[in-house]
Each structure stands twice: as C-alpha cells, then as structure tokens.
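Take a look at the letters that make up each chain.
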Amino acid sequence: MQGPLVSILTAWYNLPFSLMFMLSVIFAIVQAVGLGGESAAEGDGDIESDADVDADGDADADLNTDGASGLDASGMFSLLAFIGMGKAPLAVIISMLLSSVAVSGWALNRVVETLFAPYPALALAGVLLLSVLIGAVATSRGSRFLGRALPPVSTTATNELALVGRMGTVVSPAVDPVYGMVRLRDRSGTMINVFATSEDAAMISQGANVMLTSYDEQKKRFSVRIIEPSK
C-alpha cells in the first residue's frame, strides 16, 4: 500500500502540493524546537524585535518594488492580515497555510483525476488557484482560533498599552484604515515594529512620523495619527 501512496504523492500534478506539505512539516519542526524567534513577540502582541528589522526592511523594499510595478502594496498587507498575521506565530501560520493548500490540492487533484482521467495538464492551474484560496481561508480561521486558544505567554515583549503615546515612523508603503506597520523604540530603547491603522480615514504615507493613540485588543492593532507631514 505504501507503493501506490508514494506514486500518487509523487505524480507530476501532485508534486507541487507534496513539496508544500514537506515545507509545512519543516516549519512546524522549526516552531516546535523554538527556532522561530519572532513567534513569542507576534503571538503576544503583534510586536517584532530588532532581530526582525533586516527582514522587515527587505519586505518593505519588495513591497515598494511591487508598488512601482502597479500592484497595490496595501492589498498585500490586507492579505497578510486576512490569513492571520499577528494572531499566531509566523512559523505556525506559514505551516498552516502550506499544509492546507497541500491537502486541498491533493483532494482537488483526486476529483479531477477521477472525472477526467488521464489528468489534463491545463487543470493544474485551476487546482492551484482554488487550493490557494481554500488554504488561505482555512489558515485565516485556524490562526484566529489558535490565537484565542493559546494561553498568555510570559515573554519580554513590550506591553501593548505601554506603547500608547509613543512616536514612530511608518515603514509599510502606507498606514490606512485597514492595515500598516510602524517602527518605533520601546522604553528600553529596543527597536520594534507594530501593526497599526490610521485613526481616521486618511492614508499616512511611508516615512511619516506618527503617534500611537490607542490599542484595539480585539483586532490587536494600534491606531495612529500623523504628527508632522511626511518629508
């Protein structure tokens, strides 16, 4: 029985999903052994430490490049929020997304194979798209459930309410009523990033100086207002 199972999982149309599942296992192992250094901070308050600054800078650069190509960068942040970024540790979210896409892809490919044997090559594009959509929804639900189910974690992460009133700089392409990211220093001088939205309908551009005015425990987001025009 092991032979047929291996041949199914390594079939050309199932191979992308099998690789995704393998990656999901790797991320789960990384999280289990504690190598996901950002996990405690994100799970406990949507806060990232200095260790993630370089990665954030690279992400910001990528998003800016996308924006120059005509893509809506704020839409990318909205997508990250949808799948549960900040609700659960990053490694867990990635593992959930990859595994749910993989399982969805296997199931959909099984249906296609049954209906249209032999498997039509063009069907893979549709299966990939549909499995990603299903995986994103499943990850969104799962990350929010996990965020509510996890007990409070005792960490050195900055208390969210202690950050209210502090000033920072917008590092995402923008902060709008939906999503954004602000970089600031906590009372100990540690550089951190927090997820934020503008407190009114205005869009605040990257590089603007802002003040954190409140914290929404439900959404785990700070509200910010601009304190001086972006230069």
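Because the structure is a prediction, the values reported are computed rather than measured.

Thresholds, definitions, all that
- Residues numbered from 1 in each chain as written.
- Predicted model: local features only at pLDDT ≥ 70, side-chain atom pairs only at ≥ 80, totals over all residues.
- Heavy atoms only, no water.
- Pairing = 2+ DSSP bridges.
- Helix = DSSP H or I, 4+ residues; strand = E, 2+ residues; numbered from the N terminus.
- Phe/Tyr/Trp six-rings, centres within 6.5 Å; stacked < 30°, edge-to-face > 60°.
- Buried < 20%, exposed > 50% of the residue type's maximum accessible area, 1.4 Å probe, protein only.
- Salt bridge = Lys/Arg side-chain N within 4 Å of Asp/Glu carboxyl O.
- Polar contact = N/O pair within 3.5 Å; in protein donor to acceptor, adjacent residues only side chain to side chain.
- Contact = heavy atoms within 4.5 Å.
- Core = buried A, V, L, I, M, F, W, Y, C linked by side-chain atoms within 4.5 Å.
- pLDDT = per-residue confidence, 0-100.

Peer 1: How should I be thinking about the pairing of strand S2 (residues 167–170) in this particular structure?
Peer 2: On a regular strand, each side chain points to the face opposite its neighbour's, so the side chains alternate between the two faces of the sheet. Pairing of S2 with strand S7 (residues 209–216) involves three bridges; the strand directions are antiparallel. Within S7, the residue paired with Met 167 across the bridge is Met 211. In this structure, S2 lies alongside strand S4 (residues 181–185), joined through three bridges in antiparallel fashion. The residue of S4 that forms the bridge with Thr 169 is Arg 183.

Peer 1: Is there a simple way to explain the packing of aromatic side chains in this structure?
Peer 2: Given two aromatic rings, their pairing is described by the distance between the two centres and the angle made by the two planes. Applying the stated criterion across every chain, the model contains six aromatic pairs. Pairing Trp 12 with Tyr 119 gives two aromatic rings, centres 5.5 Å apart and planes at 90 degrees, and the pair type is edge-to-face. A residue pair is termed long-range when its members are at least 10 positions apart, and Trp 12 in the loop between helix H1 (2–9) and helix H2 (15–32) and Tyr 119 in the loop between helix H6 (90–116) and helix H7 (123–149) qualify at 107 residues. Taking the relative accessible area as the measure of exposure, Trp 12 reaches 47% and is therefore partly exposed. When its relative accessible area of 10% is taken as the criterion, Tyr 119 is described as buried. Site record: aromatic cluster; members linked through ring pairs are Trp 12, Tyr 13 and Tyr 119.

Peer 1: I keep staring at the pattern of salt bridges and nothing clicks. Help me out?
Peer 2: Under the criterion given, the structure shown has one salt bridge. Between Glu 113 and Arg 110 there is a salt bridge; the shortest N-O distance is 3.6 Å. Of the two residues, Glu 113 and Arg 110 are both situated in helix H6; the distance of three residues between them amounts to about one turn of the helix. A relative accessible area of 52% means that Arg 110 is categorised as exposed.

Peer 1: What is the right way to look at the side chain of Ser 131 in this model?
Peer 2: Structurally, Ser 131 can be placed in helix H7. In this structure Ser 131 comes out as buried when scored by relative accessible area, which is 0%. Within the structure, Ser 131 has its side chain in polar contact with the backbone oxygen of Leu 128 (distance 2.9 Å). Beyond its immediate stretch of four places on either side in the chain, Ser 131 contacts Phe 17, Val 101, Ser 104, Gly 105 and Leu 108.

Peer 1: What exactly am I supposed to notice about the pairing of strand S5 (residues 191–198) here?
Peer 2: Within S5, eight of the eight residues are buried, leaving the element largely enclosed by the surrounding structure. Across the two faces of S5 the burial is the same, with Met 191, Asn 193, Phe 195 and Thr 197 and Ile 192, Val 194, Ala 196 and Ser 198 all buried. Pairing of S4 with S5, which is carried by five bridges, proceeds in the antiparallel orientation. Bridge pairing in S5 places Val 182 opposite Val 194. In this antiparallel pair of consecutive strands, S4 and S5, the connection spans five residues, and Gly 189 shows a positive phi of 90 degrees.

Peer 1: How should the nonpolar core be read in this particular structure?
Peer 2: When a protein is soluble and globular, its nonpolar side chains tend to lie buried together. Counting 15 residues, the largest nonpolar core has Val 182, Val 194, Leu 212 and Val 224 as the members making the most contacts within it. For this core, the secondary-structure elements that each account for two or more residues are S4, S5, S7 and strand S8 (221–228). In terms of nonpolar packing, the next biggest core, distinct from the first, is built from nine residues, Tyr 13, Phe 17, Leu 124 and Val 127 among them.

Peer 1: Before we go on, may I ask you to explain the confidence of the model for the chain in this structure?
Peer 2: Detailed reading of the predicted model is not advised wherever pLDDT is low. Looking at the chain as a whole, its pLDDT mean stands at 74, while 68% of the residues score no less than 70. Of all secondary-structure elements in the chain, the lowest mean pLDDT belongs to helix H3 (residues 39–45), at 40, while S2 reaches the highest, 90. pLDDT under 50 marks residues 36–71. Its contacts with residues more than four places away, or in other chains, come to 63 contacts. Within the model, pLDDT remains below 50 along residues 151–158, and this stretch shows nine contacts once partners closer than five positions in the same chain are excluded.

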